[in-house]
Amino acid sequence: MSHEDSTSELHTQDQGSITHIEDQQDDHSQRSQAAVISLQARQRRKIAQLEEKLVTLESGRALKEKQTNYYVSQGRAIRRIVTLFDTIEDHIAENDRRYEIEDDADSSIDQDRLQIGYIALTGTLSWFSAKATDMDYDDYTHMLKLGADSARGDDTSKLKVLVAEWVNREFKPDPLIDADDKHSRGFTSDACGKLLCPAELDWSNPVVRAGIRDRSDGHIVTDLSFPTFLYDKYTINLDDLEEGLFKSKVLLQAYKAVFTSPSSAKDIEGDGDGIDVIQNNRRAKRSAFGGVKVKKHVAQIIQMKKVTPRSIAYIACQVRFALSSVTSWRSVDGDFDYEQFWRTIVDFFEQAPGRVARRRVDALLEWWTRKVFGRNNREELTNTAKANMSVNALARQRAQRDDASFDSS
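Residues numbered from 1 in each chain as written. Predicted model: local features only at pLDDT ≥ 70, side-chain atom pairs only at ≥ 80, totals over all residues. Heavy atoms only, no water.

Caption draft 1: Examining the overall build of the protein chain more closely. Across its full length, the protein chain carries 16 helices and 2 strands. Going through the 409 residues of the protein chain one by one, you find that 36% of them count as buried. Intrachain contacts of the protein chain at a sequence separation of at least 6 include 63% that bridge at least 24 residues. A total accessible area of about 25,000 Å² is found for the protein chain, and carbon and sulfur atoms account for 51% of it. (Helix = DSSP H or I, 4+ residues; strand = E, 2+ residues; numbered from the N terminus. Buried < 20%, exposed > 50% of the residue type's maximum accessible area, 1.4 Å probe, protein only. Contact = heavy atoms within 4.5 Å. Areas by Shrake-Rupley, 256 points an atom, 1.4 Å probe, with all protein chains shown as cover.)

As structure tokens, this is what we get:
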């Protein structure tokens, strides 16, 4: 073989080797590209899966937050009109107990109070009996308690300021009560001391004032005494301690400020026509059509149309605390037990000793409802009463005439 042939053959072999190498490189490149594309595809699928999980989690979180907000808002009524101190579990337990005993079994006053509270709870939260069993027990009671305590705290803060303004306006103490400072209240203040003074003692007597401030024997202030602020014109008839009880100006002002708006508390003289409440209801109805939000007051939110014993007891505790020098909410203030005070007021209304006492209590509650909500009692009319009213009576008479005419023809 010649040198040229040999060189040509080697050149051909080199070319083949190069082509082979290039083919291998192309194949490797294609595999690498395929691997990259596959990796990117897997990553995109992974991202899509994570995004889907995130959407699910966010949706679940949003639903959970919505549920929480709902039950917390529902719980805001509990301290105000069901119970200020007893737990939801206490009321449920008492109701369960009654299903397990005979109908004629005796119950204590405390048990009766809990059962009435359970009825108030289920009447206020109409969903409670049906849905409570579908929810996690600890979860829903926790959410309701959050709302209950939050509302109590909001009312305490509101009345801290308002009660100071009302006392300053009516009694003009010197110095004036500081709306932001509780240390100047309580029995160190003549104005607050007069309102906190037990009904059986006379605050105008220097000996009484000194005795209460020194907590001397015979002048200890406890929950066994009705404070003067509960009485109409802050005047007590020791021969008839029920006269004027729970008819005080500051008590009514505080009630309206909490349940029907602070502005409504400005008008409490006379019988009242509930005009502030009526106007607010009308604004709320008009706004529903116009798309404008109008803030509803508490009574509207919980569909409250009558004043109840427990709501009066709640406000009495709030006013007593607002007048005191105690800076943070607690159930016991020195010798004064707020829990027992609340129970005493509730039992005054709910445990009337006889028919005469019951009639007086009913009349007092009617007075309160008229003062707060006005004289609108349309929804309370019986079918008999409605039937005897002239519009219905006329319709009945016309129908009778038509029937008589038809029979005679």
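Caption draft 2: Focus on the packing of helix 4 (residues 109-124) against helix 13 (residues 338-350). The N-to-C vectors of helix 4 and helix 13 enclose an angle of 80°; their axes lie 11 Å apart at closest approach. With respect to their mutual orientation, helix 4 and helix 13 come out roughly perpendicular. Packed against helix 4, whose contacting residues are Ile109, Arg113 and Ile116, the element helix 13 presents Trp342, Arg343, Val346, Asp347 and Glu350 at the interface. Class assignment of the residues belonging to the contact of helix 4 with helix 13 gives a composition of 4 nonpolar, no polar and 4 charged. (Axes fitted to C-alpha atoms, helices over the stretch in contact; angles between N-to-C directions. Parallel < 35°, antiparallel > 145°, perpendicular 65-115°, else oblique. Nonpolar A, V, L, I, M, F, W, Y, C, P; charged D, E, K, R; others polar.)

Caption draft 3: Fine view of the packing of helix 12 (residues 309-323) against helix 13. In contact at an axis separation of 9 Å, helix 12 and helix 13 are set at 145° when each is read in the N-to-C sense. Like other packed secondary-structure pairs, helix 12 and helix 13 cross with a definite hand, here right-handed. Residues Pro309, Arg310, Ile312, Ala313, Tyr314, Ala316, Cys317, Arg320 and Phe321 of helix 12 form the contact with helix 13, whose own contacting residues are Tyr338, Phe341, Trp342, Ile345, Val346, Phe349 and Glu350. Taken together, the residues of the contact of helix 12 with helix 13 break down into 13 nonpolar, no polar and 3 charged. (Left-handed = near helix turned anticlockwise from the far one by under 90°.)

Caption draft 4: Highlighting the pattern of salt bridges. Considering all chains together, one arrives at 18 salt bridges under this definition. In this structure, the salt-bridge partner of Arg80 is Asp155, at a minimum N-O distance of 2.8 Å. Taken together, the residues Arg80 in helix 2 (residues 78-81) and Asp155 in helix 6 (residues 137-171) connect sequence positions 75 residues apart. A salt bridge links Asp86 to Arg343; its shortest N-O distance comes to 3.6 Å. Remark: Arg343 occurs in helix 13 and Asp86 occurs in the loop between helix 2 and helix 3 (88-100); sequence separation between them is 257 residues. Residues Asp86 and Arg343 agree in their burial class; the two are buried. (Salt bridge = Lys/Arg side-chain N within 4 Å of Asp/Glu carboxyl O.)

Caption draft 5: Seen up close, the environment of Leu245. Among the structural elements, Leu245 can be located in the loop between helix 8 (206-214) and helix 9 (249-259). Taking the C-alpha atoms as reference, Leu245 lies 9.2 Å from Phe229; in sequence the two are 16 residues apart. Residues in contact with Leu245, not counting those within four places in the same chain, are Phe226, Leu230, Tyr231, Phe348 and Leu364.

Caption draft 6: Quick look at the side chain of Arg113. Tracing the chain through its elements places Arg113 in helix 4. A distance of 2.8 Å separates polar atoms of two side chains, one belonging to Arg113 and the other to Asp110. In terms of polar contacts, Arg113 uses its side chain to reach the side chain of Asp347, at 2.8 Å. For Arg113, the residues in contact, after removing those within four places along its chain, are Arg310, Trp342, Arg343, Val346 and Asp347. (Polar contact = N/O pair within 3.5 Å; in protein donor to acceptor, adjacent residues only side chain to side chain.)

Caption draft 7: Representation of a positive patch on the surface within the structure. Residues Arg169, Lys172, Lys249 and Lys266 make up a contiguous surface patch of positive charge. Within the secondary structure layout, Lys266 lies in the loop between helix 9 and helix 10 (275-290). (Patch = residues over 30% accessible without salt bridge, like charges linked within 9 Å, V, L, I, M, F, W, Y side chains within 5 Å. Lys, Arg positive; Asp, Glu negative; His and termini not counted. Charge placed at Lys NZ, Arg CZ, Asp CG, Glu CD.)

Caption draft 8: Fine view of helix 12. Over its 15 residues, helix 12 extends 21 Å from the first C-alpha to the last, a length consistent with the 21 Å expected when each residue adds 1.5 Å. Taking burial as the measure, the 15 residues of helix 12 include 15 buried ones, the bulk of the element. (Expected span 1.5 Å × (residues − 1).)

Caption draft 9: Up close: unusual backbone geometry. Of the consecutive residues Asp174 and Pro175, the connecting peptide bond is found in the cis state with omega at 5°. With respect to the helices and strands, the residue Pro175 is situated in the loop between helix 6 and helix 7 (190-196). Its identity is not glycine, yet Lys233 carries a phi of approximately 60°, on the positive side. Inspection of the secondary structure puts Lys233 in the loop between helix 8 and helix 9. For Lys233, a relative accessible area of 66% translates into the label exposed. A positive phi angle, close to 55°, is found at Gln303, a residue other than glycine. Residue Gln303 is classed as exposed on the basis of its relative accessible area of 65%.

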